[in-house]
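Listed here are the chains, written in short residue letters.
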Amino acid sequence: MDINEQFRRNVRAFYAWVGSTLLLGIGPIVAHRLLERETTAGRLLAVIVGAGSMVPWMWVLISVIRRGDEFVRRLHLVSIAIAGAASLFLLVVLDWIQQARFIRSVDLTFLWSGCLLLWFLALIGTKRYYERER
Amino acid sequence: MKNRLRDLRAARGWSQAELGARVGVSRQAIIAIETGRFDPSLPLAFKLAQLFGLAIEDIFDSSGN
């Protein structure tokens, strides 16, 4: 592939990433506003908007992995594996904290936000690992 | 796996992005190969070897794992 074409593709992917990330940030805010209406339709719409705002972000991520080369795929495979294991550990720790009655229940928003953060950190860490001189 | 990719690339005056474009991978892939932390697939190793006109074992050193 021509280097300019590759650059254009990377720029397009970057804008898609920024757009979907903005949507990911705005979606929950709009969903919370809808929840304040206290109607069944409003609550239903809040679920659709809140959960649906993550779909474009997931789609962009999947397309980045699919279009990426063997290194990009390895990078995401390793980081997702690390994030999965770290998320499982987080769940186990929180479960035991809850069973020991230090907390009553775990907030699901905290849980998915934590998993997302772990995924992001795993991606950064994996990228740095491969870039570091042996 | 240790390799001579950085030296070979530098000898031709190519950037990492340029080398990546020539073999159809990203600049990040070339960086990771050059650090020795990412071993390329066999098809990519063949592409690199063909590009530099060398055998795979002339670029990659399997003894230095």
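Structure shown above.
Residues numbered from 1 in each chain as written. Chains lettered and ligands numbered in written order. Predicted model: local features only at pLDDT ≥ 70, side-chain atom pairs only at ≥ 80, totals over all residues. Heavy atoms only, no water.

Draft legend 1. Inspection of the overall build of chain B at higher detail. On a plain count of helices and strands, chain B comes out with five helices and two strands. Counting helices and strands in the order they occur from the N terminus, chain B gives β-α-α-α-α-α-β. On C-alpha atoms alone, chain B measures out to a radius of gyration of 10 Å, which is about the 11 Å that the 2.2 N^0.38 rule sets for 65 residues. Seen along its three principal axes, the alpha-carbon backbone of chain B occupies a region of about 30 × 25 × 20 Å. Here chain B holds 65 residues, and the buried ones make up 48% of them. Look at the contacts in chain B between residues 6 or more apart in sequence, and 56% of them connect residues 24 or more apart. Across chain B, the 9 positively charged side chains and the 7 negatively charged ones have centroids separated by 6 Å. (Helix = DSSP H or I, 4+ residues; strand = E, 2+ residues; numbered from the N terminus. Rg over C-alpha atoms; globule rule 2.2 N^0.38 Å. Buried < 20%, exposed > 50% of the residue type's maximum accessible area, 1.4 Å probe, protein only. Contact = heavy atoms within 4.5 Å. Lys, Arg positive; Asp, Glu negative; His and termini not counted. Charge placed at Lys NZ, Arg CZ, Asp CG, Glu CD.)

Draft legend 2. Seen up close, the packing of helix H4 (residues 70-99) of chain A against helix H5 (residues 108-131) of chain A. All names here are of chain A. Between H4 and H5, whose axes approach to 8 Å, the crossing angle comes to 140 degrees. Classed by the angle they form, the pair H4 and H5 counts as oblique. Crossing of H4 over H5 shows right-handed handedness. (Axes fitted to C-alpha atoms, helices over the stretch in contact; angles between N-to-C directions. Parallel < 35°, antiparallel > 145°, perpendicular 65-115°, else oblique. Left-handed = near helix turned anticlockwise from the far one by under 90°.)

Draft legend 3. Representation of helix H2 (residues 16-23) of chain B. Looking only at H2(B), the buried set comprises B:Gln16, B:Leu19, B:Gly20, B:Ala21 and B:Val23. Immediately beyond the C-terminal end of H2(B), within one or two residues, lies B:Gly24, with a positive phi of roughly 80 degrees.

Draft legend 4. The pattern of salt bridges, seen in detail. By the definition in use, this model includes five salt bridges over all chains. Residue B:Arg6 pairs with A:Glu133 through a salt bridge whose shortest N-O separation is 3.3 Å. Of the two residues, B:Arg6 is situated in helix H1 (residues 5-11) and A:Glu133 in the segment after H5; the pairing between them involves two chains. For the salt bridge of B:Arg22 with B:Glu18, the shortest nitrogen-to-oxygen distance reads 3.5 Å. Residue B:Arg22 and its partner B:Glu18 are both found in helix H2; the two are separated by four residues, about one turn of the helix. Judged by its relative accessible area of 44%, B:Arg22 falls in the partly exposed class. When its relative accessible area of 28% is taken as the criterion, B:Glu18 is described as partly exposed. What emerges from the salt-bridge pattern is a single network uniting A:Glu133, B:Arg6, B:Arg9 and B:Glu34. (Salt bridge = Lys/Arg side-chain N within 4 Å of Asp/Glu carboxyl O.)

Draft legend 5. Structural view of the interface of chain A and chain B. Taken together, the contact between chain A and chain B spans 15 residues of the former and 20 residues of the latter. Regarding the contact of chain A and chain B, the summed buried area is about 1600 Å², with carbon and sulfur atoms giving 51% of it. On the chain A side of the contact with chain B, A:Glu70, A:Phe71 and A:Arg134 bury the most area, a combined 36% of that side's loss. The interface formed by chain A and chain B holds one salt bridge in total. Connecting chain A to chain B are six residue pairs in polar contact (both at pLDDT 80 or more). When contributions to the side of chain A that touches chain B are tallied by element, the ones reaching two or more residues are helix H1 (3-35), H4 and H5 of chain A. (Buried area = accessible area lost by both parts, 1.4 Å probe. Polar contact = N/O pair within 3.5 Å; in protein donor to acceptor, adjacent residues only side chain to side chain.)

Draft legend 6. Looking closely at the packing of aromatic side chains. According to the stated counting rule, one finds eight aromatic pairs over all chains in the structure shown. Ring centres 5.4 Å apart and planes at 85 degrees place the aromatic pair A:Phe71 and A:Tyr130 in the edge-to-face group. Pair noted here: A:Phe71 is in helix H4 and A:Tyr130 is in helix H5, with a separation of 59 residues, a long-range link. Judged by relative accessible area, A:Phe71 falls into the buried class, the value being 2%. The exposure class of A:Tyr130 is buried, given its relative accessible area of 5%. Three or more aromatic residues joined by ring pairs make a cluster, and in this case those are A:Phe71, A:Tyr129, A:Tyr130 and B:Phe38. (Phe/Tyr/Trp six-rings, centres within 6.5 Å; stacked < 30°, edge-to-face > 60°.)

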